[in-house]
Amino acid sequence: MSRTLNVRNPRNGELDYTIEAANEAAIQSKAIKLRDAQKTWRQFSLEDRASKLKDFARLVGQHKDEISAALEIDTGRRKIAALEVDTLVGTIMGWTAQTDGLIPTGWTQGRSNPAIQHAPQLIPYALVGVISPWNFPLVLSMIDTVPALLAGCSVMIKPSEVTPRFADVMSSVIAQSPLADILCFVQGDGQTGAALIENVDAICFTGSVATGRKVAIAAATNMIPAFLELGGKDPLIVLEDSNLEHATDAALRGSTLATGQACQSIERVYVQNSILEEFTTLLATKANAAKLNWPEISSGHIGPIIFDKQAAILTSHIEDAVAKGAKVLSGGKVENHGGGLWLNPTVLTNVNHSMKVMVDETFGPIIPVMGFDTKEEAVSMANDSEYGLSAAVFAGNLKDATALGMQIEAGAISINDAALTSLFHEAEKHSFKLSGMGGSRMGPVGFQRFLRRKALIANTGAPAPLSVFSED
Ligand code: NAD
């Protein structure tokens, strides 16, 4: 029995879209077809698969207006919707331009026994599952999909039930493309996601730590690899000799872009006490100048809160901080405009680690700023977190910033900027602590994750007889 799910429009709160959640039987039958088609797909050369992916990218480009129109309703924002489509095309072009040397070939003579040669084989997983969140619906549904397809896998994607409209448009684009038989979206919620994991050979998951844990357990039970990219609580450290114009620009953009609904958002800022007041005054001035993209979608900087339940978390973080002594320098209240929920960039001072806003993932445009005296203190506060996704450091020179960055327990450190991992996808990085597991999705290893190593081992001499191992 399929289930009908209602979908909320983030700009007006109306339930104006429905999806049919795929059930176990529907997923099983799609999985059989994808596995079958993958037998042909994996036989193509890497160059042929790259060429078909480029054809798909061109088709996505031709349908940019329809895809971004759907994403615009899903997310309530226009410019980032269009950028998501451009990013997908760029991602495909980036991966398909670097196929040289990705697949090793030939026989190698053994070091321990020259008579034995080995030839490494790379065998793609037949079917990779991708489960994605609502904050960047298109980019995060395709970020692992593209290298998996290039590696020779087929892929089944379950996007978030909060933002499913774009996936229906993508399905019709895929149907016209050379990927029609080896790539599909299935709509649904957590139940559908759980069923998908039961039918794939590897799972890529982007989402919360709580769901990530369930995915990891299901994957372990089925003995399939799980690549998990989860939440964060990214710190930004600002040393006293930093360029304050740059540091406040980066802090504001890094924590409020996409309404702070980004895993690599700056969620807490530590500023050396000698410049704390100057920094917070400048940051609050810039934060107060930011505008909501309401009533016109094509104006302002801050889109609606996409997932209405997130608004309650933002309010609880602000209220908890204020009750414990925090001061609000800008924003501070979730506003209801015509049924949609918005929050202006909210700068908080007088904060400490007893407050939720400094330790729990906020996922909104809230910028709590705390002072420190010594670099050791700053590093210790930055590391006082169960998350380790990424972090940022501002300093007057690269040497000091690098030295500090090396001490922070996180997988990527932006230096003299913030949240650079959203703009630059070439650097390999792991998610530290609870922020994830399973290898870098960036860089060449992001492709290698989808290939199992198989060793052909040939003896060019005589096989050893049992007598070699005799105890006599
Ligand atoms: P979520 O964990 O609630 O949901 C993510 C996806 O998992 C959705 O598609 C959902 O339907 C599915 N799901 C739910 N229960 C499931 C189950 N039992 N089995 C399988 N699938 C299930 O996350 P969200 O609220 O959509 O996204 C926000 C979170 O994602 C934040 O924590 C954010 O930090 C994180 N995120 C991380 C990254 C990263 O790269 N590290 C990027 C973006 C977002």
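Residues numbered from 1 in each chain as written. Predicted model: local features only at pLDDT ≥ 70, side-chain atom pairs only at ≥ 80, totals over all residues. Heavy atoms only, no water.

Per an unreviewed UniProt entry, the protein carries the name Aldehyde dehydrogenase family protein and comes from Hirschia litorea. The protein has a UniProt comment under Sequence similarities (unreviewed entry) that states "Belongs to the aldehyde dehydrogenase family." (UniProt positions renumbered as here; feature names shortened; annotations may be inferred.)

Here we look at the pattern of salt bridges
According to the stated counting rule, one finds 20 salt bridges in the structure shown. A salt bridge links arginine 35 to aspartate 201; the shortest N-O distance between them is 2.8 Å. A residue pair is termed long-range when its members are at least 10 positions apart, and arginine 35 in helix H1 (residues 24-41) and aspartate 201 in the loop between helix H8 (190-197) and strand E8 (202-206) qualify at 166 residues. Look at arginine 35 and you get partly exposed, because its relative accessible area is 27%. Given a relative accessible area of 22%, aspartate 201 falls into the partly exposed group. When the shortest N-O distance is used, the salt bridge between aspartate 86 and lysine 64 registers 2.8 Å. Taken together, the residues span a long stretch of sequence, with aspartate 86 in helix H4 (residues 79-96) and lysine 64 in helix H3 (residues 64-75) at a distance of 22 residues. (Salt bridge = Lys/Arg side-chain N within 4 Å of Asp/Glu carboxyl O. Helix = DSSP H or I, 4+ residues; strand = E, 2+ residues; numbered from the N terminus. Buried < 20%, exposed > 50% of the residue type's maximum accessible area, 1.4 Å probe, protein only.)

Some thoughts on unusual backbone geometry
Note that the residue after tryptophan 294, namely proline 295, is joined by a cis bond; omega there is 5°. Even without a glycine there, the phi angle at asparagine 350 is positive, about 55°. Structurally, asparagine 350 is set in the loop between strand E15 (346-349) and helix H13 (356-359). Phi is positive for alanine 419, close to 50°, though the residue is something other than glycine. Relative to the helices and strands, alanine 419 is located in the loop between strand E19 (413-415) and strand E20 (432-433). Assessed through its relative accessible area of 10%, alanine 419 is described here as buried.

Re the domain arrangement of the protein
Partitioning the protein into domains gives domain 1 (3-230 + 435-456) and domain 2 (234-422). Taken together, the 22 residues of domain 1 in the interface contact 27 residues of domain 2. Note on domain 1 versus domain 2: buried area summed over both sides is about 1900 Å², and carbon and sulfur give 61% of it. One can count one salt bridge joining domain 1 with domain 2. Our enumeration of links across domain 1 and domain 2 arrives at 10 residue pairs in polar contact (both at pLDDT 80 or more). Per-element accounting of the side of domain 1 that touches domain 2 gives the leading share, three residues, to H3. Each residue belonging to the side of domain 1 that touches domain 2 can be placed in one class, and the counts come to eight nonpolar, seven polar and seven charged. (Domains from an automatic or database assignment. Contact = heavy atoms within 4.5 Å. Buried area = accessible area lost by both parts, 1.4 Å probe. Polar contact = N/O pair within 3.5 Å; in protein donor to acceptor, adjacent residues only side chain to side chain. Nonpolar A, V, L, I, M, F, W, Y, C, P; charged D, E, K, R; others polar.)

Focus: the site of the ligand
Around the ligand sit 30 residues, and of these Ser132, Glu161, Ser208, Leu230 and Glu361 come closest. A distance of 2.8 Å is found between an oxygen atom of the ligand and a side-chain nitrogen or oxygen belonging to threonine 211. Glutamate 361 has a polar side-chain atom sitting 2.6 Å from an oxygen atom of the ligand. Protein burial of the ligand: of its 860 Å² of free accessible surface, 87% is covered by the chains. Within the residue set of the shell around the ligand, elements represented by two or more residues are H8, E8 and helix H9 (209-222). Sort the elements by how many residues they give to the shell around the ligand and H8 lands first, with four residues. By residue class, the composition of the shell around the ligand is 13 nonpolar, 10 polar and seven charged. If you count residues domain by domain, the shell around the ligand takes at least three from each of domain 1 (3-230 + 435-456) and domain 2 (234-422). (Near = heavy atom within 4 Å. Areas by Shrake-Rupley, 256 points an atom, 1.4 Å probe, with all protein chains shown as cover.)

As for the sheet that holds E19
In space, the seven strands of this open sheet follow the order E12-E15-E16-E11-E10-E18-E19, with mixed pairing throughout. The strands lining the two open edges of the sheet, one partner per strand, are strand E12 (327-328) and E19. Contacts from helix H14 (residues 375-383) reach strand E10 (234-238), strand E11 (266-272) and strand E16 (366-372), with the element oriented near 145° to E16. (Pairing = 2+ DSSP bridges. Axes fitted to C-alpha atoms, helices over the stretch in contact; angles between N-to-C directions.)

Structural notes on helix H11 (residues 276-289)
Look at H11: 20 Å from first C-alpha to last across 14 residues, which is about the 20 Å you get at 1.5 Å a residue. Those residues of H11 not exposed but buried are Phe279, Thr280, Leu283, Ala284, Lys286 and Ala287. Along H11, the residues classed as buried sweep out an arc of 165° about the axis, all on the same side. Every exposed residue of H11 that faces more than 90 degrees away from the buried side is listed here: Glu277, Glu278 and Thr285. Turning to H11, the residues buried within the fold contact E10, helix H10 (244-256), E11, E15 and E16. (Expected span 1.5 Å × (residues − 1). Arc of directions from axis to C-beta.)

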